[in-house]
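# Notes for the structure review
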Amino acid sequence: MTDLNKLTLKEAREGLLSKKFTAVELTQSCLDRIKSLDKKLNSFVTVTGEDALKQAQSVDINLPLGGIPIAVKDNYLTKDIRTTASSRVLDNYLAQYDATTIKKLKNAGAIIIGKTNLDAWAHGSSTETSDYGPTLNPWNMEHLPGGSSGGSAAAVAADETIISVGSETAGSIRQPASWCGVVGFKPTYGRVSRYGVIAMKSSTDSPGPICKTVDDAANLLEIMSGSDPFDATSIDEPPWKKPELRQNLKGLKIGLPLSYFPPQTQPEVKEAILGAVETLKKLGAEIIELSDVLDPKYSIAVYTILQRSEVSSNLARFDGIRYGHDRSFFGTEAKRRIMLGTYSLSAGYYDAYYLKAQKVRTLICQDFDNQFKKVDAIIGPVSPTTALKIGASEGQSMFGEIQDMLVEPSSIAGLPGISIPCAFDKIGLPIGLQIMAPQKREDLVYQIAKLFEDNTDYHLERPKL
Amino acid sequence: MNQNIFLVHHVKPVKIVRHDKTMKTTPIIGLEVHVELKTKSKMFCGCSADHFHVEANTHTCPVCLGLPGALPVPNKTACEWCVKLGLALGCSINEESFFERKNYFYPDLAKGYQITQLQKPFAVNGKLDIDGHEIRINRAHMEEDTGKSVHVDGSTLLDFNRSGVPLVEIVSEPDLISALEAKKYLNKLQQIIRYIEVSDADIEKGSMRCEPTVNVKIETDSGEVVYTPLAEIKNVASLTGVMNAIDFEIKRQIDQYQSDGVAKNSTNKTTRGWDADKNQTFLQREKEGSADYRYFPEPDIPPITFTKVQVEEIRKTLPELPDQKITKYKSLSLSDYDANLLAQDSVFSSAFEKALNNSANLLNGAIRTALNENQSEIDLNKINATHFQDIFSKKSELSSTAIKQLTLESYNSGTNPLTFAKDNNLFQVSDTGALEQFAKEVIEANPKAIEDYRKNPLAIGFLVGQLMKVSKGSANPQTGKEILEKLLK
Ligand SMILES: [Zn+2]
């Protein structure tokens, strides 16, 4: 069999269980694809190769992810596989323990084929700030994949893996999924344990799946989710379960915030979202224009202050005493964030920056509460533009915040959201539609996304590589 | 550029040298006390909190080593004990508290920050009464201990066994006015902590650590009032050390002020170390006031709520505390001295209360029972306290039946119990000489029983019975048995 690597999770499971192919063959096909493509694409920082194959030989395929190759963002700690967070500071760091999610994936029989590239320490939205070089966009290698989970999104889009996991702090799952034309599902904050994921902005870090279809992402989320005694902020609930599928969207009110189309929005993006609105209407949803949603630009400021503050503290443990490399190995972006965060937490500035940002954060949460009294879910573009060109982030210290402005408010409020492909621009780059719902309402996000996908073909398109 | 700006004559502050004999000085002392809780596990992970004489780095895990990705999960018992301690110190408990990060660099601080409480600690506004002087307690907050740096042959080794051990920090207001009062405060704190059994509070072992902050209020006879610069004293490892360090510091500050006239301001707080060998403090760090720990709420731990109901539940677990015991003992007309001494330690006071119980049993057991049988009222005039004392003094020589009998006899006939006991052979003979005599008699008179005993040691019972008979019941049966066994060996 050829092209096993192109299968979705659902197809791969069926093939394995009906013995059309083996887990070793499936893993081998992904590794082959990586071998032929990744020198250029650079989705992976580390490829496990032989170890993955060895694991595939003895795996129990009856497990929920038995024999399924998975690519893991390199900020998840993996015992015995090096974990770098794409920073040279951790160039030769071997974690002593597995992240909770990694444990769950291993217990479910998944085969970790490698660790994917990200912006160093997940600081960015381009994967360009990685100390291991940028990842390219599989749809057009002159463009960026987005970030920070750019490696995971690109690996899925390029069929280097069947499924992948990323993590989002403010857009880092949805934005690269959007730019790479795949499905990125960001769960409610606390739905998936953060234990063992290198902390960036602890108060919004949310691990989640990046896959080829909505169902694949939902199936993976089922396995990743659930309360964790090692994470005091995890939601005290059993693992999330996919809800019943709806026949249509009748009776659902979906909000379309006008403020989610800032002036820099690419016309094709706006067109695509309006096209998606028509599809949702045909499915029976009532679309309500929301004219009073807080301008997402405020989220940029809030996010920047809070994120820098937490980063400056979270990176303090990399003090040069342990982990191999000293602080001179920090890249420019990390240093910039540490300095800004240190400043905003300093005596005399704390009230003006950190405290004020927390107050605005509360306003943003309240704004969502109010909007969700009027509508069941909110949609909009994930990013104002399609994938920008390589080099676009250079010299732009606020690049990420501006690219992510449309996903930042919901991240700050801890809401679940998804990015699904909903169109392509005129040079063939994918456009993502985001669907957001109130906290813990992944079921709504899933139902809308799944019906949209079932009634469109965008997810079937593949980059020509 | 006008170079002259830098040439302006520099005006030196006038040196105020004071030899003012009537100058009045009042020490101002505040105490920060760290207490290590004796919970089984650490504050934010499941590791054993035991670190005293434990092989280095054996009680560690990703959390207390501060490894990437590791997250703190608060120890519920430790939080409750902090609240309990707060309640014992008369604090109010914040309904909602949260942890914060205190950011600073130190090699044995694994994460680059310490998790502690600043804005909303568990317990606030308590007080401790020291001989009628009320010392206000600002707060009792929860935090984690750091690792330990061990210096060996010019290099520094790190031991993280202590990293993450739960600590409660108790901060007093600067209300203490002498080294002696500070010592009494610490003694009392220690007493309370041991009473409620949340820590050993052992200063020598480091499970209770104390950092005094000292300065002096100086009033001259011209009515001028100044304060000397604050000094925080570190590394004091004993109670005597605390007293000596405070005394030294008070004198040093007065001398210093007399020589340089520098008063306290917002930037001249210093940190001083304590050298127990030289019996003096020494300068460690200047400008402590400018340290900036960039506190912010710990995002890894949601706020913690203690509802009023939960607080009351914890309050119910408080034992009677030293002050309450002293009041109680005084109400039993014990002297101040005795009451204080008895309340000093919970083991001691519970021994006393047991003895008190015994007396109560005696009165209620012997007299009440007899009265109830006769259905008569108690006649208080017939209770003779001296007789009770006599009975207690010979308690070990009397069987419990004899004690009851004597008590009743004293009540009914006013007979001196000791005389009565002697007359009626109620004292148990434990004197081995006398008992040996009785035992020999028994052995001679019962050859058959001796044979039985050789075959079956349980047959000793018969011989003991004979011994009791010969001694007319005065022998202490246990001692008698031992002597018989010895003689028959
Ligand atoms: Zn531990």
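Residues numbered from 1 in each chain as written. Chains lettered and ligands numbered in written order. Predicted model: local features only at pLDDT ≥ 70, side-chain atom pairs only at ≥ 80, totals over all residues. Heavy atoms only, no water.

### Brief notes about the overall build of chain B
Scanning chain B for helices and strands turns up 14 helices and 17 strands. Expected size for 489 residues packed as a compact globule is a radius of gyration near 23 Å; at 33 Å, chain B overshoots this value by more than 25%. Across its three principal axes, chain B shows a C-alpha extent of roughly 125 × 60 × 50 Å. Per-residue burial over chain B gives 45% buried out of 489 residues. For chain B, the accessible surface area stands at approximately 25700 Å², while carbon and sulfur atoms represent 52% of it. A gap of 1 Å separates the mean positions of the 58 positive and 65 negative side-chain charges of chain B. (Helix = DSSP H or I, 4+ residues; strand = E, 2+ residues; numbered from the N terminus. Rg over C-alpha atoms; globule rule 2.2 N^0.38 Å. Buried < 20%, exposed > 50% of the residue type's maximum accessible area, 1.4 Å probe, protein only. Areas by Shrake-Rupley, 256 points an atom, 1.4 Å probe, with all protein chains shown as cover. Lys, Arg positive; Asp, Glu negative; His and termini not counted. Charge placed at Lys NZ, Arg CZ, Asp CG, Glu CD.)

### Observations concerning the interface of chain B and chain A
With 31 residues of chain B at the interface, the matching set in chain A holds 35 residues. The largest per-residue losses of area from chain B upon contact with chain A belong to Pro 68, Leu 71 and Arg 294 of chain B, which jointly make up 23% of the total buried on that side. The interface formed by chain B and chain A holds one salt bridge in total. Connecting chain B to chain A are 15 residue pairs in polar contact (both at pLDDT 80 or more). Of all elements in the fold, only β4 (100-103) and β16 (296-297) of chain B reach the threshold of two or more residues within the side of chain B that touches chain A. Residue classes in the side of chain B that touches chain A are distributed as 21 nonpolar, five polar and five charged. (Contact = heavy atoms within 4.5 Å. Buried area = accessible area lost by both parts, 1.4 Å probe. Salt bridge = Lys/Arg side-chain N within 4 Å of Asp/Glu carboxyl O. Polar contact = N/O pair within 3.5 Å; in protein donor to acceptor, adjacent residues only side chain to side chain. Nonpolar A, V, L, I, M, F, W, Y, C, P; charged D, E, K, R; others polar.)

### Concerning the nonpolar core
What tends to happen in soluble globular proteins is that the nonpolar side chains get buried as a cluster. If you look at the biggest cluster of nonpolar residues, it comprises 130 residues, and the most contacted ones within it are Trp 121 of chain A together with Phe 99, Ile 170 and Tyr 185 of chain B. Counting the residues that make up this core, at least three belong to each of domain 1 (14-315) and domain 2 (322-423) of chain B. Every residue in contact with Trp 121 of chain A, bar those within four places of it in the chain, is listed here: Ala 85, Ser 87, Val 89, Leu 90, Ile 198, Met 200, Leu 315, Phe 318, Phe 330 and Ala 334 of chain A. One finds Ile 34, Leu 105, Val 277 and Ile 379 of chain A within the second-largest nonpolar core, a separate group that totals 79 residues. (Core = buried A, V, L, I, M, F, W, Y, C linked by side-chain atoms within 4.5 Å. Domains from an automatic or database assignment.)

### Describing the packing of helix α2 (residues 179-195) of chain B against helix α5 (residues 322-331) of chain B
Residue and element names in this part refer to chain B. Relative to each other, α2 and α5 sit at 95 degrees, their axes nearing to 10 Å. In this view, α2 runs roughly perpendicular relative to α5, as classed from their interaxial angle. Counting all contacts with α2, which are made through Lys 188, Gln 191, Ile 192 and Tyr 195, the residues of α5 involved are Pro 322, Asp 323 and Lys 325. Broken down by class, the residue content of the contact of α2 with α5 amounts to three nonpolar, one polar and three charged. (Axes fitted to C-alpha atoms, helices over the stretch in contact; angles between N-to-C directions. Parallel < 35°, antiparallel > 145°, perpendicular 65-115°, else oblique.)

### Let's talk about the coordination of the zinc ion
All names here are of chain B. Coordination of the zinc ion by the protein involves Cys 45 (SG), Cys 47 (SG), Cys 61 (SG) and Cys 64 (SG), with metal-donor separations of 2.3 to 2.4 Å. Coordination at the zinc ion is tetrahedral, judged from the four donor atoms that bind it and the angles of 101 to 115 degrees they form at the metal. Sequence spacing of the donors to the zinc ion: C-x1-C-x13-C-x2-C. With Cys 45 in the loop between β1 (24-36) and α1 (76-88) and Cys 64 in the loop between β1 and α1, this residue pair connects regions lying 19 residues apart in the sequence. Of the two residues, Cys 45 and Cys 64, neither departs from the other in class, the shared state being buried. (Donors = N, O, S within 2.8 Å, 3.2 Å for Na, K, Ca; no water. Tetrahedral: all angles 85-135°; square planar, octahedral: opposite > 155°, others 65-115°.)

### Some remarks on helix α1 (residues 9-17) of chain A
Residues and elements named next belong to chain A. Every buried residue of α1 is accounted for by Leu 9, Ala 12, Arg 13, Gly 15 and Leu 16. Take α1 and look down its axis: the buried residues cluster within an arc of 165 degrees, on one side only. On its buried face, α1 is in contact with α2 (23-41), β4 (163-168) and α7 (214-224). One or two steps after α1, the chain reaches Lys 19, where phi turns positive at roughly 60 degrees. (Arc of directions from axis to C-beta.)

### Thoughts on the domain arrangement of chain B
By domain assignment, chain B separates into domain 1 (14-315), domain 2 (322-423) and domain 3 (432-488). In this structure, domain 1 of chain B and domain 3 of chain B have C-alpha centres spaced 66 Å apart.

### Here's the deal with the sheet that holds strand β2 (residues 69-73) of chain A
Residue and element names in this part refer to chain A. The mixed open sheet is built from eleven strands, whose spatial order is β1-β3-β2-β4-β6-β5-β10-β11-β9-β7-β8. One side of each edge strand has no neighbouring strand; the edge strands of this open sheet are β1 (44-47) and β8 (286-290). Averaged over all adjacent pairs, the angle separating strand axes in this sheet is 30 degrees, with direction ignored. Inspection of the sheet shows strand β7 (residues 253-257) paired to strand β9 (residues 377-381) by two bridges, in the parallel sense. (Pairing = 2+ DSSP bridges.)

### Comments concerning the environment of Thr 265 of chain A
Residue and element names in this part refer to chain A. Within the secondary structure, Thr 265 sits in the loop between β7 and α8 (267-282). Between the C-alpha atoms of Thr 265 and Leu 306, which are 41 residues apart in sequence, the distance is 26 Å. A distance of 2.5 Å separates the side chain of Thr 265 from the backbone oxygen of Pro 262, its partner in a polar contact.

### Brief notes about the side chain of Lys 111 of chain B
Position of Lys 111 of chain B relative to the elements: it lies in the loop between β4 and β5 (113-116). In this structure Lys 111 of chain B comes out as buried when scored by relative accessible area, which is 11%. Side-chain polar atoms of Lys 111 of chain B contact the side chain of Glu 144 of chain B, separated by 2.7 Å. Setting aside residues no more than four positions away along its own chain, Lys 111 of chain B makes contact with Ser 313, Ala 316 and Arg 317 of chain A together with Gly 66 and Glu 144 of chain B.

### Topic: the sheet that holds β4 of chain B
Where strands meet in a sheet, backbone hydrogen bonds hold them as pairs that are either parallel or antiparallel. Pairing within the open sheet is antiparallel, and its three strands lie in the order β5-β4-β16 (chain B). Across the chains shown, the open sheet's two edge strands, defined by having one partner strand only, are β5 and β16 of chain B. Across four bridges, the pairing between β4 of chain B and β5 of chain B is antiparallel. By the bridge assignment for β5 of chain B, Asn 103 of chain B is matched with Tyr 113 of chain B. On the sheet, helix α9 (residues 297-314) of chain A packs against β4, β5 and β16 of chain B and is oriented at approximately 60 degrees with respect to β4 of chain B.

### Thoughts on the side chain of Asp 390 of chain B
Along the chain, Asp 390 of chain B turns up in helix α8 (residues 385-393). What Asp 390 of chain B contacts, discounting residues up to four positions off in sequence, is Asn 416, Pro 417 and Leu 418 of chain B.

### Focus on the packing of helix α12 (residues 447-455) of chain B against helix α13 (residues 460-470) of chain B
All names here are of chain B. Packing of α12 against α13 leaves a shortest axis separation of 8 Å and a crossing angle of 145 degrees. For the pair α12 and α13, contact is made by Ala 449, Ile 450 and Tyr 453 and by Ile 460, Phe 462 and Leu 463, respectively. In terms of residue class, the contact of α12 with α13 is made up of six nonpolar, no polar and no charged.

### Regarding the pairing of β7 of chain A
All names here are of chain A. Where burial is concerned, most of β7 is hidden: four out of the five residues are buried. The pairing of β7 with β8 spans five bridges and is classified as parallel. The residue of β8 that forms the bridge with Leu 256 is Glu 289. Tracing the backbone out of β7, into α8 and back to the parallel element β8 gives a crossover that is right-handed. (Right-handed = clockwise from strand over helix to strand, strands pointing away.)

### What to know about the environment of Leu 256 of chain A
Residue and element names in this part refer to chain A. By the secondary structure assignment, Leu 256 is in strand β7. On the basis of relative accessibility, which here comes to 4%, the residue Leu 256 falls in the buried class. C-alpha of Leu 256 to C-alpha of Ile 273: the two residues are 17 residues apart in sequence and 9.5 Å apart in space. Leave out the neighbours within four places in its chain, and Leu 256 touches Phe 261, Ile 273, Leu 274, Val 277, Ile 287, Ile 288, Glu 289, Leu 290 and Ile 379.

### Details of the environment of Tyr 113 of chain B
Relative to the helices and strands, Tyr 113 of chain B is located in strand β5. The residues contacting Tyr 113 of chain B, other than those within four sequence positions of it, are Ser 313, Asn 314 and Arg 317 of chain A together with Arg 101, Lys 102, Asn 103, Tyr 104, Glu 144, Glu 298 and Asp 300 of chain B. A polar contact is formed between the side chain of Tyr 113 of chain B and the side chain of Arg 317 of chain A, at a distance of 3.1 Å.

### A closer look at unusual backbone geometry
The omega angle of the peptide bond from Gly 147 of chain A to Ser 148 of chain A is 10 degrees, so this bond is cis rather than trans. Position of Ser 148 of chain A relative to the elements: it lies in the loop between β3 (111-116) and α5 (150-157). Of note, Asn 57 of chain B is a non-glycine position whose phi angle comes to about 60 degrees, a positive value. Residue classification places Asn 57 of chain B among the partly exposed positions, given a relative accessible area of 33%. Positioned with a positive phi, Ser 333 of chain B is a non-glycine residue whose angle comes to about 55 degrees. Looking at the secondary structure, you find Ser 333 of chain B in the loop between α5 and α6 (336-343). Judged by relative accessible area, which is 65%, Ser 333 of chain B ranks as exposed.

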